[in-house]
Amino acid sequence: MGSGYFDLTGRTAMVTGAGAGGGIGAAVAAALAQAGAAVLVTDIDGDAAAAVAEGIRAGGGTADSAALDVGDRGAADAAAAKAAELGGGALHILVNNAGVTAPAMFPKLTDETFRLTFDVHVMGTFHCTQAALPYIPTDGTGRIINVTSAAGLTGTLGQVNYSAAKAGLIGFTKSLARELAAKNIMVNALAPLAATPMTETIRTNEKFAANMMNRIPLKRWAGPAEIAGAFVFMASDAASYVTGQVLPVDGGMVM
Ligand SMILES: NC(=O)c1ccc[n+]([C@@H]2O[C@H](COP(=O)([O-])OP(=O)(O)OC[C@H]3O[C@@H](n4cnc5c(N)ncnc54)[C@H](O)[C@@H]3O)[C@@H](O)[C@H]2O)c1
């Protein structure tokens, strides 16, 4: 369990999109639990979320799970209520991690794929954050952690839809940080880079792999567990004076 600045004992967290084996959300859920938080693991795939929660419990942590498509406001409300129940009425930490990509060069982007990225990233974060807010304490322990991307900061070829959605989340984060400062709730975003199912093609397809590696000053991909510590930082008392920020955790790709 964590200690001092990073001890999350007594805190409750909800992580979206945390069902993918090898994904960022599952690693973040495990790291928050390791720091002492009780965690509601959620994913559009409820069975996958249940398996991640089971793994956390097997390791001695506290976790439960819920099926949650972040595009579904009712499901977001139900999941937030369930998370708060896990924490005796409070939900301290919300991690809006669920994500999809639907890459295509600009002329080939369709309304459907453009909408999909907005529905999951922007509307999903909107739904889950509004659902969680009534349960988030105003004593300085409340955290909303959004997941953006280098794509939203610098743009990415073939990802106008995803980049626009991720840039939207940066404006979301900064505006909400200003609104919720009065309630002592911190709102930040992380821009990760990690070897996950989402990045498999750009890591392994020779059309993209070398070019990607050239953009990473540390010249390696991190696994999701390596970047999860930055989420623990944002969730913890160590970040009690940090709000409205976008923190890249990406081997130096964005400077
Ligand atoms: N991996 C990277 O390098 C990288 C870089 C920048 C940003 N990100 C962002 O990090 C987050 C996690 O990415 P990852 O690499 O772990 O991806 P991943 O594809 O491994 O996992 C994404 C998870 O989101 C879930 N999901 C998809 N649609 C959903 C929905 N509508 N409701 C709920 N869950 C849904 C999936 O089932 C999956 O479990 C995403 O927001 C992604 O955009 C990742």
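Residues numbered from 1 in each chain as written. Predicted model: local features only at pLDDT ≥ 70, side-chain atom pairs only at ≥ 80, totals over all residues. Heavy atoms only, no water.

Trainee: Tell me about unusual backbone geometry, residues and numbers included.
Mentor: Backbone geometry at Asn184 places phi at a positive 65°, although glycine is not the residue there. Structurally, Asn184 can be placed in the loop between α6 (160-180) and β6 (186-192). Given a relative accessible area of 34%, Asn184 falls into the partly exposed group. Its identity as a non-glycine residue notwithstanding, Lys219 has a phi of 60°, on the positive side. Locating Lys219 in the fold gives a position in the loop between α8 (209-214) and α9 (224-235). Classification of Lys219 by relative accessible area gives partly exposed; the value is 46%. (Helix = DSSP H or I, 4+ residues; strand = E, 2+ residues; numbered from the N terminus. Buried < 20%, exposed > 50% of the residue type's maximum accessible area, 1.4 Å probe, protein only.)

Trainee: Explain the nonpolar core to me, and be specific about the residues and the numbers.
Mentor: If you look at soluble globular proteins, the nonpolar side chains tend to sit buried side by side. Counting 37 residues, the largest nonpolar core has Leu32, Val39, Val41 and Val95 as its most contacted members. If you list the elements that add at least two residues to this core, you get β1 (12-15), α1 (24-34), β2 (38-43), α2 (46-58), β4 (93-96), β5 (143-147) and α9. Among the elements that take part in this core, α1 stands out by supplying eight residues, more than any other. (Core = buried A, V, L, I, M, F, W, Y, C linked by side-chain atoms within 4.5 Å.)

Trainee: Kindly report on the environment of Phe6, identifying the contributing residues and their values.
Mentor: Within the secondary structure, Phe6 is located in the segment before β1. The spatial distance from the C-alpha of Phe6 to the C-alpha of Gly36 is 9.1 Å, given a sequence separation of 30 residues. Residues within four places of Phe6 in sequence aside, it is in contact with Ala35, Val232, Phe233, Ser236 and Ala238. (Contact = heavy atoms within 4.5 Å.)

Trainee: Account for the site of the ligand, naming residues and giving values.
Mentor: With respect to spatial proximity, 28 residues lie near the ligand, and among them Ile24, Asp43, Asn97, Tyr162 and Thr196 are the closest. One of the backbone nitrogen or oxygen atoms of Ala20 is found 3.2 Å away from an oxygen atom of the ligand. Within the backbone of Val70, a nitrogen or oxygen atom sits 3.0 Å from a nitrogen atom of the ligand. When the ligand sits alone it has 830 Å² of accessible area, and the protein chains cover 90% of it. For the shell around the ligand, the secondary-structure elements that each account for two or more residues are α4 (111-132) and α6. Across the shell around the ligand, the residue classes break down as 15 nonpolar, 10 polar and three charged. (Near = heavy atom within 4 Å. Polar contact = N/O pair within 3.5 Å; in protein donor to acceptor, adjacent residues only side chain to side chain. Areas by Shrake-Rupley, 256 points an atom, 1.4 Å probe, with all protein chains shown as cover. Nonpolar A, V, L, I, M, F, W, Y, C, P; charged D, E, K, R; others polar.)

Trainee: Account for the pairing of β5, with residues named and values stated.
Mentor: With five of its five residues buried, β5 lies for the most part within the structure. Of the two faces of β5, the one lined by Arg143, Ile145 and Val147 and the one lined by Ile144 and Asn146 are each fully buried. Relative to β5, β4 runs parallel, the two being bridged by four bridges. Its bridge partner lying in β5, Leu94 is registered against Ile144. Handedness of the crossover joining β4 and β5 through α4 is recorded here as right-handed. Relative to β6, β5 runs parallel, the two being bridged by five bridges. Across the sheet, residue Val147 finds its bridge partner in β6, namely Leu190. (Pairing = 2+ DSSP bridges. Right-handed = clockwise from strand over helix to strand, strands pointing away.)

Trainee: Give a detailed account of the packing of aromatic side chains, specifying residues and quantitative values.
Mentor: Inspection of the entire model under this criterion finds two aromatic pairs. Considering the side-chain rings of Tyr5 and Phe6, the 6.3 Å spacing of their centres and the 65° angle between planes classify their relative orientation as edge-to-face. Its relative accessible area of 59% is what places Tyr5 among the exposed residues. For Phe6, a relative accessible area of 37% gives the class partly exposed. Each ring, one from Phe114 and one from Phe118, has its centre 5.7 Å from the other, and the planes form 15°; the classification is stacked. One end of the pair is Phe114 and the other is Phe118, both in helix α4 and four residues apart, which spans about a single turn. A cation over a ring is seen here: Arg73 above Phe126, with NZ or CZ 5.2 Å from the ring centre. When the ring centre of Trp221 is taken as origin, the NZ or CZ atom of Arg203, which lies over that ring, is 5.9 Å away. (Phe/Tyr/Trp six-rings, centres within 6.5 Å; stacked < 30°, edge-to-face > 60°. Lys NZ or Arg CZ within 6 Å of the ring centre and 35° of its normal.)

The values are spatial; any link to function lies outside them.
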